[in-house]
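Read off the chains here:
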Amino acid sequence: MLRVRGGLFLGCMALAGFTMAGCDSPKVSEKPPAEHGHDHGHAHGHGDEQGHGHGHGHSHDGDEGEHSHEGETYATAVQELTELNDKIRDLFAKEDTEAADKPLHEFGHVLEEIVPLAEKAELAGDDLAAIKKAVEQLFEDVGKVDSKIHGGEGVTYAEVEKQVGEAIATLTKYVPVEK
């Protein structure tokens, strides 16, 4: 249990870094952070290695493809991750790193919701453990890509594309079959 919690903590730390890294938008969101119904083991809104402190807002107001995750299901979230990954892959293939940044950040926001949505869908035991492991892998891989595109140490998307695809395939494997 400690290993999973530690891994999830590190994954959440990576997410916090890549969801805030490089956000040079002048817009500041006045909305409080969404309640996720789960504990990451840390507070949202902490600073990161790029020097963004507590006052750094991150707003998607006006972002292309903006939508609410409210009412989302595990199945729709996994489908959204798949679509975002396809978009990210295609943009990196065109070497359009700047355009890949927004969907990469959105990927992280959707990824945050996967485990709670899996629990809501009554996935448990080994299935839930596999989902958590895939989410942890995705946080790690996508966080490294985001770090790289914002000038830090990291990896290119091509270097993690296979692992990202495998982790998404794992998440897809547990999508409940509609009756």
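These lines cover the structure that appears in this document, whether it is placed above or below. (Residues numbered from 1 in each chain as written. Predicted model: local features only at pLDDT ≥ 70, side-chain atom pairs only at ≥ 80, totals over all residues. Heavy atoms only, no water.)

1. Some thoughts on the overall build of the protein chain
And step 1. Scanning the protein chain from N- to C-terminus turns up five helices and zero strands.
And step 2. Order of helices (α) and strands (β) in the protein chain, N terminus to C terminus: α-α-α-α-α.
And step 3. Of all intrachain contacts in the protein chain linking residues separated by at least 6 positions in sequence, the fraction that spans at least 24 positions is 75%.
And step 4. If you sum the accessible surface of the protein chain, you get close to 10,500 Å²; carbon and sulfur atoms cover 52% of it. (Helix = DSSP H or I, 4+ residues; strand = E, 2+ residues; numbered from the N terminus. Contact = heavy atoms within 4.5 Å. Areas by Shrake-Rupley, 256 points an atom, 1.4 Å probe, with all protein chains shown as cover.)

2. Considering unusual backbone geometry
And step 1. A positive phi angle, near 60°, is found at glutamate 95, a position not held by glycine.
And step 2. Phi is positive for glutamate 122, which is not a glycine, with a value near 65°.
And step 3. Locating glutamate 122 in the fold gives a position in the loop between helix H3 (97-120) and helix H4 (125-149).
And step 4. A relative accessible area of 72% places glutamate 122 in the exposed class. (Buried < 20%, exposed > 50% of the residue type's maximum accessible area, 1.4 Å probe, protein only.)

3. Concerning the pattern of salt bridges
Think of it this way: side chains of opposite charge can pair up when their charged atoms draw near.
And step 1. In total, this model carries three salt bridges according to the counting rule given.
And step 2. One salt bridge connects arginine 89 with aspartate 90, and the closest N-O pair in it is separated by 3.1 Å.
And step 3. Overall, the relative accessible area of 29% leaves arginine 89 in the partly exposed class.
And step 4. A network of salt bridges, in which partner residues are shared, links Asp86, Arg89 and Asp90. (Salt bridge = Lys/Arg side-chain N within 4 Å of Asp/Glu carboxyl O.)

4. Digging into the packing of H3 against H4
And step 1. Running from N to C, H3 and H4 point in directions that differ by 160°, and their axes come no closer than 10 Å. Relative to H4, H3 is oriented roughly antiparallel. For the crossing formed where H3 meets H4, the hand is left-handed. Contacts from Thr97, Asp101, Leu104, His105, Phe107, Gly108, Leu111, Glu112, Ile114, Val115, Ala118 and Glu119 of H3 reach H4 at Leu128, Ile131, Lys132, Val135, Leu138, Phe139, Val142, Val145, Asp146 and Ile149.
And step 2. For the contact of H3 with H4, the per-class residue count stands at 14 nonpolar, three polar and five charged. (Axes fitted to C-alpha atoms, helices over the stretch in contact; angles between N-to-C directions. Parallel < 35°, antiparallel > 145°, perpendicular 65-115°, else oblique. Left-handed = near helix turned anticlockwise from the far one by under 90°. Nonpolar A, V, L, I, M, F, W, Y, C, P; charged D, E, K, R; others polar.)

None of the figures reported here should be taken as evidence of function without further support.
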